[in-house]
Amino acid sequence: MVLRIFLLLLLVQAAPVWSKSASEPNLSPTLEEFRAQCRLNRQGAAEFRLAQAPDRDDFIPLRALEASQSRFSFERFVSAMHKDLRKNPVTFFGNGGGWVFEFDQGRSMLPLHKTVTGIYYRGKVHIVDGHHKALSSLFLGAETI
């Protein structure tokens, strides 16, 4: 028991950044649940701007991403999210703890080599490829990608 508590404390210290989600999102959401969770996790994104174009080898804030396609397949999003979760497990701590991700000191669900391709313009990165990865990360409350 003491070892479990010690390991939990080490995990919390190793990844001190938590997602904004106070309750664990349903991992098989309805479209309405998806939209509500994404709205919660996108608060403040409209005003956010990057000072300069991001480097290829850096994680970038999800708030800096902008969709460049007007439609997406919700079923494809759910499938992609489940695939990402199988490859890169995340841990949820209840009571307002939130998700702890594996990459970028607990802020990113995906490693650097799982890229989202985009074009930098006026402080935002407009997604060209990787929409479903970005949506999965946004839905789960990651801060960077």
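Use the structure listed above.
Residues numbered from 1 in each chain as written. Predicted model: local features only at pLDDT ≥ 70, side-chain atom pairs only at ≥ 80, totals over all residues. Heavy atoms only, no water.

### Some thoughts on the packing of helix H2 (residues 31-41) against helix H4 (residues 131-140)
Two elements in contact, H2 and H4, have axes whose closest approach is 8 Å; the angle formed by their N-to-C orientations is 75°. Comparing their axes, H4 and H2 come out roughly perpendicular. Touching Glu-33, Phe-34, Gln-37, Cys-38 and Asn-41 of H2 are Leu-135, Leu-138, Phe-139 and Leu-140, all from H4. By residue class, the composition of the contact of H2 with H4 is 6 nonpolar, 2 polar and 1 charged. (Axes fitted to C-alpha atoms, helices over the stretch in contact; angles between N-to-C directions. Helix = DSSP H or I, 4+ residues; strand = E, 2+ residues; numbered from the N terminus. Parallel < 35°, antiparallel > 145°, perpendicular 65-115°, else oblique. Contact = heavy atoms within 4.5 Å. Nonpolar A, V, L, I, M, F, W, Y, C, P; charged D, E, K, R; others polar.)

### Some remarks on the pairing of strand S5 (residues 124-129)
In this sheet, S5 lies alongside strand S1 (residues 65-66) in parallel orientation, the contact comprising 2 bridges. Residue Glu-66 lies in a different strand from S5, and its bridge partner there is His-126. Note: strand S4 (residues 117-121) against S5, 5 bridges, orientation antiparallel. Bridging from a neighbouring strand, Tyr-120 pairs with Val-125 of S5. In this antiparallel pair of consecutive strands, S4 and S5, the connection spans 2 residues, and Arg-122 shows a positive phi of 50°. (Pairing = 2+ DSSP bridges.)

### A look at the sheet that holds S4
Strand order in the open sheet formed by 3 strands is S1-S5-S4, with mixed pairing between adjacent strands. What marks the edges here is a single partner per strand, and that holds for S1 and S4.

### Considering the pattern of salt bridges
Pairing between side chains of opposite charge can happen when their charged atoms approach one another. Scanning all chains against the criterion turns up 3 salt bridges. Across the pair Glu-66 and Lys-124 runs a salt bridge whose closest N-O atoms are separated by 3.5 Å. One end of the pair, Glu-66, is in strand S1; the other, Lys-124, is in strand S5, and 58 residues separate them in sequence. Taking relative accessible area as the criterion, Lys-124 reaches 4% and is therefore assigned buried. One salt bridge connects Arg-107 with Asp-104, and the closest N-O pair in it is separated by 3.1 Å. Relative accessible area serves as the criterion here: at 25%, Arg-107 is assigned to the partly exposed category. The buried category is assigned to Asp-104, whose relative accessible area is 18%. (Salt bridge = Lys/Arg side-chain N within 4 Å of Asp/Glu carboxyl O. Buried < 20%, exposed > 50% of the residue type's maximum accessible area, 1.4 Å probe, protein only.)

### Brief notes about a positive patch on the surface
On the surface, Arg-76, Lys-83, Arg-86 and Lys-87 cluster together into a patch of positive charge. With respect to the helices and strands, Arg-86 occurs in helix H3 (residues 74-87). Owing to a relative accessible area of 64%, Arg-86 belongs among the exposed residues under this scheme. (Patch = residues over 30% accessible without salt bridge, like charges linked within 9 Å, V, L, I, M, F, W, Y side chains within 5 Å. Areas by Shrake-Rupley, 256 points an atom, 1.4 Å probe, with all protein chains shown as cover. Lys, Arg positive; Asp, Glu negative; His and termini not counted. Charge placed at Lys NZ, Arg CZ, Asp CG, Glu CD.)

### A short note on unusual backbone geometry
Located in the positive-phi region is Asp-104, a residue other than glycine, with phi close to 50°. Assignment of secondary structure puts Asp-104 in the loop between strand S3 (98-100) and S4. Positive phi is not limited to glycine here, since Gln-105 has a value of about 55°. By the secondary structure assignment, Gln-105 is in the loop between S3 and S4. Given the relative accessible area of 55%, Gln-105 is considered exposed.

### Focus: the packing of aromatic side chains
Tallied over the full model, the rule gives 6 aromatic pairs. Between the aromatic rings of Phe-34 and Phe-77, the centroid separation amounts to 4.5 Å while the plane-to-plane angle is 50°, which identifies the pairing as tilted. One end of the pair, Phe-34, is in helix H2; the other, Phe-77, is in helix H3, and 43 residues separate them in sequence. With relative accessibility at 4%, the residue Phe-34 sits in the buried group. Residues Phe-77 and Phe-139 carry aromatic rings whose centres are separated by 5.8 Å and whose planes lie at 80° to one another, so their mutual orientation is edge-to-face. Residue Phe-77 is found in helix H3, and its partner Phe-139 is found in helix H4; the two are separated by 62 residues along the sequence. Three or more aromatic residues joined by ring pairs form one cluster here, namely Phe-34, Phe-72, Phe-74, Phe-77 and Phe-139. (Phe/Tyr/Trp six-rings, centres within 6.5 Å; stacked < 30°, edge-to-face > 60°.)

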